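Okay, here's what each chain looks like letter by letter:
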Amino acid sequence: MRRVADAGSRPDPFPLYAELRKDRVNVLADGSYALGRYEDVVALLHDPRISSDPHNATDPGSLTVIDNAPFIQRDPPDHDRLRAIATRYFGPPDSAGMVSGMEPEIRRFVDGLADALPSSGQADLVDQFAYPLPVSVICGLLGVPERDGAQFRSWTEGIVKGLDADAQEGTEDLVKRRNECELAMFGYVRDLADQHRQRPDGSMLSRLANDESADAMTELELATTSLLLLVAGHETTVNLTANGALTLLRHPWALDRLRGEPDWAIPLVEELLRYEPPVQYLPNRIALADIGVGATTIPKGARVTLLLAAASRDPERFADPDRFDPDRDDNEHLGFGSGIHYCFGAPLARIEAQVSLITLAGRLANPRLGADPPPYRPSPVLRGPVHLPVTYDRLLPR
Ligand code: HEM
């Protein structure tokens, strides 16, 4: 795992994952346990003896232990209660059509990003294309007024840069700025919820703030959940679009096919989630009891790392796993996790990535990668290019 974390492994960690799969359970120097076989990872994701709450760790190591954590870091029953309330205003059965209703706005925004690219020459598909969309989508979801969008984006950037900085030495200023941005955004979301109580609109935050049911979220829970949506839905989605653009540029036949067959974006994005997943592994699980896996016992209180990206390329589970093949018919990848913490925003992330990739394929004439591999973000967990320079002959009209 130390080699996985090395910056030099970022462009291609997959041979290292194959080694980790071979050993089944890898006991790491810091006392944690890493697993990469599909069968084991799925079993543990569904095992109630595995916790997401760092309070349960004998030695939490680099995990942040906080009270009033968002539901991604909680176990049942708190997790289930908070997730169920949030789901009421995000998806079926209560809010069917909420996510699909956002598609026209996503298309408009992505068209605008493409329109703003240079008419020919070079562009950075991360900064100029993949990066701005997710935060705008979350602003829309939360009902952040247009006039506060820029401020909100700047806090988000501070938080995201700070998250990246966790993987680096000498970046205390970035971590400090992250904490400041989190606090500021926290206060902002609380005030915004107040405003929504006075003047409700159809946004998710407004509906959460005006929820009068007996189990409604407290103010603190509302703010924590909003921050979670933002953090969980930002860099992950940026990386899916960027990893997707990179993979398409490496497989020009796929780019051509997408151009002529936009519906193919659906299986394409699923294959990207298997083949180049934005979340490589979950370093945050804790064993609540002694758990036997093969010949190894993971002791109660130990930290467990579940290697999603390794499992999604396990040859015992997927035929020819290192081949990029959007037409594979069996693709139960772990790109969005599995079990009770399965990605809450998956339907939204799928639409964002599909629309973005269809738009890129349709608008750039003869695109070529400016650097292969591109430079990567520091984080081995949230893996994706920090910049993706491309050259193209011309920007095509809509
Ligand atoms: C391509 C983009 C995305 C990827 C690859 C991704 C991946 C994941 C994964 C792997 C998990 C499981 C974490 C765990 O088991 O500990 C997760 C959970 C979560 N995701 Fe996503 N995500 C994406 C986009 C989004 C978006 C857009 C949102 C918000 C609108 C979002 C909100 C969440 C939340 C709230 C959780 C926690 C769920 C729970 O604890 O029950 N994600 N995501």
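Above: the structure in question.
Residues numbered from 1 in each chain as written. Predicted model: local features only at pLDDT ≥ 70, side-chain atom pairs only at ≥ 80, totals over all residues. Heavy atoms only, no water.

A.B. asks: Could you give an account of the sheet that holds strand β11 (residues 389-392), with specific residues and numbers?
C.D. replies: Pairing within the open sheet is antiparallel, and its three strands lie in the order β4-β11-β10. Since the sheet does not close on itself, it has two edges, and those belong to β4 (121-124) and β10 (368-369), each with one partner. As judged from the two bridges shared by β10 and β11, these two strands associate in the antiparallel manner. Paired with Leu369 across the bridge in β11 is Val390. (Pairing = 2+ DSSP bridges. Helix = DSSP H or I, 4+ residues; strand = E, 2+ residues; numbered from the N terminus.)

A.B. asks: Which residues make up the coordination of the iron atom of the ligand, and what values do they have?
C.D. replies: Looking at the iron atom of the ligand, one finds just one donor atom contributed by the protein, Cys343 (SG), at 2.3 Å. Locating Cys343 in the fold gives a position in the loop between α14 (308-311) and α15 (346-363). (Donors = N, O, S within 2.8 Å, 3.2 Å for Na, K, Ca; no water.)

A.B. asks: Which residues make up helix α4 (residues 78-88), and what values go with them?
C.D. replies: Those residues of α4 that sit buried are His79, Leu82, Arg83, Ile85 and Ala86. Projected down its long axis, α4 carries its buried residues within an arc of 160°, all on one side. Taken together, the buried residues of α4 touch α10 (204-209) and α11 (219-250). (Buried < 20%, exposed > 50% of the residue type's maximum accessible area, 1.4 Å probe, protein only. Arc of directions from axis to C-beta. Contact = heavy atoms within 4.5 Å.)

A.B. asks: Mind laying out the packing of helix α13 (residues 265-275) against α15, listing which residues take part and the relevant values?
C.D. replies: Where α13 contacts α15, the two axes come as close as 10 Å, and the packing angle between them is 115°. The orientation of α13 relative to α15 falls into the category roughly perpendicular. In the packing of α13 onto α15, the handedness of the crossing is right-handed. Across from Ala265, Ile266, Leu268, Val269, Glu270 and Leu272 in α13, the residues of α15 making contact are Arg350, Ala353, Gln354, Leu357 and Ile358. For the contact of α13 with α15, a count of residues per class yields eight nonpolar, one polar and two charged. (Axes fitted to C-alpha atoms, helices over the stretch in contact; angles between N-to-C directions. Parallel < 35°, antiparallel > 145°, perpendicular 65-115°, else oblique. Left-handed = near helix turned anticlockwise from the far one by under 90°. Nonpolar A, V, L, I, M, F, W, Y, C, P; charged D, E, K, R; others polar.)

A.B. asks: Talk me through the nonpolar core; I want residue IDs and the actual numbers.
C.D. replies: Counting 85 residues, the largest nonpolar core has Ile106, Leu125, Phe152, Met204 and Leu357 as the members making the most contacts within it. Sorting elements by how many residues they give to this core places α11 first, with 13 residues. Residues within four places of Met204 in sequence aside, it is in contact with Ala86, Tyr89, Phe90, Met98, Leu141, Leu229 and Phe344. Listed in part, the 34 residues of the second largest apolar core include Leu16, Ile50, Ala302 and Phe318. (Core = buried A, V, L, I, M, F, W, Y, C linked by side-chain atoms within 4.5 Å.)

A.B. asks: Could you give me a rundown of the pattern of salt bridges, with the residues and numbers involved?
C.D. replies: All told, the structure shown has 32 salt bridges when counted by the stated rule. A salt bridge links Arg190 to Glu219; the shortest N-O distance between them is 3.4 Å. With a gap of 29 residues between them, Arg190 in helix α9 (residues 172-198) and Glu219 in helix α11 connect regions that are remote in the sequence. On the accessibility criterion, Arg190 (31% relative accessible area) is partly exposed. The closest approach of N and O atoms between Asp320 and Arg323, which form a salt bridge, is 3.0 Å. Owing to a relative accessible area of 46%, Asp320 belongs among the partly exposed residues under this scheme. Among the ionic contacts, a cluster of salt bridges with common partners joins Asp111, Asp115, Arg363 and Arg398. (Salt bridge = Lys/Arg side-chain N within 4 Å of Asp/Glu carboxyl O.)

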